[in-house]
Amino acid sequence: MKLIRLKLGTAFRSLHKDFEVNFFRGEDTEKMWEFAPYCLVGRNGSGKSNILEALAAIFYHIECIYLTYKPEGFEGEGDFSKVHTDGFFPEQCTPDDFELEYYFHQKGAFSGAFSDAFQISKTLHILIKKEAVKAPQIFTLNEVGAIEHELSRTEVKEILPEFVIGYSSGENEVLSLPFFKMRFIQYDEYEDALRYETPYANPEGRLMYLDTQHSQAVFLTNFLMQDEGILKPLYNTIGIKRISEFRIIIGQHKKIGREKPEYDDFFERQEAHDYKEPIDGFELTELLVQKNEDTTDIKIIDKLKRCATTQYFDETTQILYLDYFVDGDIRDEKGDILKDANGEQIGLSQIKQAFRAHFNNDPFELFRAFQILLTLNLYDVDIKTKREVYNSNSIYVNETIPILPSHKRIFRFKDFTIEKTNVEDGLLSKSLSDGEHQYLHAIGLCLLFRKTNSLFLLDEPETHFNPDWRAQFISTLRDCLAKKMEESECLREILITSHSPFIISDSQEENVLVFKKDINGIVTVDRPDFKTFGASVNLITIKLFNRVDTIGDLASEKVLEFEKRVETEENLDRLSDEIFDTIGDSVERTMLINQLINKRDKK
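All values reported here derive from a predicted model rather than from experimental measurement.

Rules behind the numbers
Residues numbered from 1 in each chain as written. Predicted model: local features only at pLDDT ≥ 70, side-chain atom pairs only at ≥ 80, totals over all residues. Heavy atoms only, no water. Helix = DSSP H or I, 4+ residues; strand = E, 2+ residues; numbered from the N terminus. Buried < 20%, exposed > 50% of the residue type's maximum accessible area, 1.4 Å probe, protein only. Contact = heavy atoms within 4.5 Å. Pairing = 2+ DSSP bridges. pLDDT = per-residue confidence, 0-100. Axes fitted to C-alpha atoms, helices over the stretch in contact; angles between N-to-C directions. Parallel < 35°, antiparallel > 145°, perpendicular 65-115°, else oblique. Nonpolar A, V, L, I, M, F, W, Y, C, P; charged D, E, K, R; others polar. Salt bridge = Lys/Arg side-chain N within 4 Å of Asp/Glu carboxyl O. Patch = residues over 30% accessible without salt bridge, like charges linked within 9 Å, V, L, I, M, F, W, Y side chains within 5 Å. Areas by Shrake-Rupley, 256 points an atom, 1.4 Å probe, with all protein chains shown as cover. Phe/Tyr/Trp six-rings, centres within 6.5 Å; stacked < 30°, edge-to-face > 60°.

## Concerning the overall build of the chain
Then, in step 1: Across its full length, the chain holds 17 helices and 20 strands.
Then, in step 2: Burial analysis of the chain (603 residues in total) assigns 52% to the buried set.
Then, in step 3: Sequence-distant contacts in the chain: of pairs separated by 6 or more residues, those separated by 24 or more amount to 72%.

What follows is the structure in structure tokens.
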């Protein structure tokens, strides 16, 4: 997809009513699908992150309208225009009035029966329009921007991004909120498939958020399943050689009843002392375990067992332990993994070969397996908490959703050990620095989803990076995403909020959106008035962040003291020595010395 425009008809967070941001301006349609992330910049509180939050909320709302599966009691009942009750209503969204336009390019034929508006490989111009207290409408527009066709339910599901992927390096709880709502829906979808013995393959919902547990899944999936050439730019930056071992722990101790508990209200929860573990019911992972000898439909847990080096099932605790010891890849004299005449890797370790064989050589299939298992960790979230999350617009998710202790989780990783360059012994992945974790997460996420027609919402992904990594971030992202990819396949859209001049310097000015908030709280967004690509860090800092000084404020105060002394000091040679002893090499010191020289020349 390619974003065109977002307009808000009502206030949202710090964005005022009638706020509008234009993304793609259409000057160069030939480059529409090239690698070109949007960089949203501005001071703290200028509103740039609110754009990511608005997009996440909008696509969550649209997704919930068109989901085939919805939890019992999720949808609100009654006439929305007369009474507002708990539950989901298509007429009620935050933001509640908006217009969103984007291009959507389908590489092949659309599935199902469609109108003439849907043609093979046609780029569609999509408009999602919602007025306050009304359900949204979704249209295709013609070449002059006029409404051409209102989409049916079946058609809408074809033109939404394959995934909406969120990542935040800080505590942007509002960005994560729609994603956590979707996780609850995905858990209930799984539980109902288990309880009612209906088919289940993957979660239907498209929203996906990267937290710590999912980050480990992304890292491991990429290592086991991706071509080494794709991973090299990422791993070289951090100095990672390989993952040497890891353990997967799967709890098979949790039962759910055959019948759902009866509540007067769907969101009413029995008190803790009234709850009893069901005697007759389903074990929660039962849907993921082989029930017969059918080898054409091997389940997720069985696949993981077949890939394991060793395994142990504790009969007392009903816990399954799977250990994986990764032997080294076979390499040639240059250190590269051996390949056949077709360029396929043949020197892979046995563990990698096993995972690729059982997960169809598809990284995404393995990640989906991890995602399903991680979702089961939500079994302990009570219905009252779900109600609070579903009906909230600003809840602090981490404070509301309890984090299960390790022994109660259904799925977790442990003893995740990696080898690094110039480090003699193996390191647990938790030993990596915040910056190393962040680099693996942000780049790894984009790498895993690189072949999907998805929307990436990355909120300050470079916060913990050192200057060198910040300078490399965009080029590494490009190298990972573009490897073995035709430009015509680059259908993803990436939005990055940032304060880093290095990231801006690697972005074309048409892809840099500068957010400013005036004294009245009005947010405006413009393109830079200079060429950002290749611009110096100092120039970007001055132009976009109004930071003229190139040194810290404490040092600047000292420079001001010296400036005053230049005018009054008699012994300028001694003052010059003091300046060089006190102030490091900088533009400010150079200007100060020039002032002193001018004073000396006048004398």
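Still more to cover.
## Notes on the sheet that holds strand E16 (residues 427-428)
Then, in step 1: Here we have five strands laid out as an open sheet, ordered E13-E14-E10-E15-E16, and antiparallel in their pairing. Across the chains shown, the open sheet's two edge strands, defined by having one partner strand only, are strand E13 (310-314) and E16.
Then, in step 2: For strand E15 (residues 411-420) and E16, the ladder comprises two bridges, and the chain directions are antiparallel. Looking across to E16, one finds that Thr417 is bridged to Leu428.

## Overview of the confidence of the model for the chain
Then, in step 1: In this model, the chain carries an average pLDDT of 84, and 87% of its residues clear a pLDDT of 70 or more.
Then, in step 2: Contacts of residues 263-275 to residues separated by more than four positions or lying in other chains number 18 contacts, the stretch itself having pLDDT below 50.

## Details of the packing of helix H4 (residues 212-225) against helix H7 (residues 350-358)
Then, in step 1: Between H4 and H7, the least distance of the axes is 8 Å, while the angle of their chain directions is 100 degrees. When the axes of H4 and H7 are compared, the pair comes out roughly perpendicular. Residues Phe223, Leu224 and Met225 of H4 touch H7, and the partners they reach there are Ile351, Lys352, Phe355 and Arg356.
Then, in step 2: Its residues assigned to classes, the contact of H4 with H7 shows five nonpolar, no polar and two charged.

## A few points about the pattern of salt bridges
Then, in step 1: Tallied over the full model, the rule gives 27 salt bridges.
Then, in step 2: A salt bridge links Glu20 to Arg5; its shortest N-O distance comes to 3.4 Å. Separated by 15 residues along the polypeptide, Glu20 in strand E2 (residues 20-22) and Arg5 in strand E1 (residues 2-8) bring together distant segments of the chain.
Then, in step 3: The exposure class of Glu20 is partly exposed, given its relative accessible area of 31%.
Then, in step 4: By relative accessible area, Arg5 is classed as buried at 13%.
Then, in step 5: The salt bridge partner of Arg600 is Asp573, with a shortest N-O separation of 2.7 Å. Here the residue Arg600 occupies a position in helix H17 (residues 587-602), and Asp573 occupies one in helix H16 (residues 572-582), the gap between them amounting to 27 residues.
Then, in step 6: What makes Arg600 partly exposed here is its relative accessible area of 36%.
Then, in step 7: Overall, the relative accessible area of 48% leaves Asp573 in the partly exposed class.
Then, in step 8: Within the structure, one salt-bridge network assembled from shared partners comprises Arg5, Glu20, Glu99 and Glu101.

## A few points about a nonpolar patch on the surface
Then, in step 1: Taken together, the side chains of Ile330, Leu338 and Ile346 make up a nonpolar region of the molecular surface, amounting to roughly 260 Å² of accessible area.
Then, in step 2: Along the chain, the position of Ile330 falls in the loop between strand E14 (319-325) and H7.

## Examining unusual backbone geometry
Then, in step 1: In this chain, Thr94 is followed by Pro95 through a cis amide linkage whose omega measures 5 degrees.
Then, in step 2: Locating Pro95 in the fold gives a position in the loop between helix H1 (48-66) and strand E4 (98-105).
Then, in step 3: The phi dihedral of Gln318 falls on the positive side, at around 60 degrees, and the residue is not glycine.
Then, in step 4: In this structure Gln318 comes out as partly exposed when scored by relative accessible area, which is 28%.
Then, in step 5: The residue Glu460 is not glycine, and still its phi comes out positive at about 50 degrees.
Then, in step 6: Along the polypeptide, Glu460 turns up in the loop between strand E17 (455-459) and helix H12 (467-482).

## A look at the packing of helix H5 (residues 228-238) against helix H11 (residues 434-448)
Then, in step 1: Between H5 and H11, the shortest axis-to-axis distance is 10 Å and the interhelical angle comes to 170 degrees. With respect to H11, the element H5 is oriented roughly antiparallel. Contacts between H5 and H11 pair Ile230, Leu231, Leu234, Tyr235, Thr237 and Ile238 from the former with Glu436, Tyr439, Leu440, Ile443, Gly444 and Leu447 from the latter.
Then, in step 2: Considered class by class, the residues forming the contact of H5 with H11 number nine nonpolar, two polar and one charged.

## Quick look at the packing of aromatic side chains
Then, in step 1: Within this structure, the stated rule accounts for 30 aromatic pairs.
Then, in step 2: A ring pair is formed by Phe179 and Tyr209, whose centres lie 5.5 Å apart and whose planes are at 40 degrees; its orientation type is tilted. With Phe179 in helix H3 (residues 173-195) and Tyr209 in strand E9 (residues 207-209), the pair connects residues that are 30 residues apart, well separated along the chain. Of the two residues, Phe179 and Tyr209, neither departs from the other in class, the shared state being buried.

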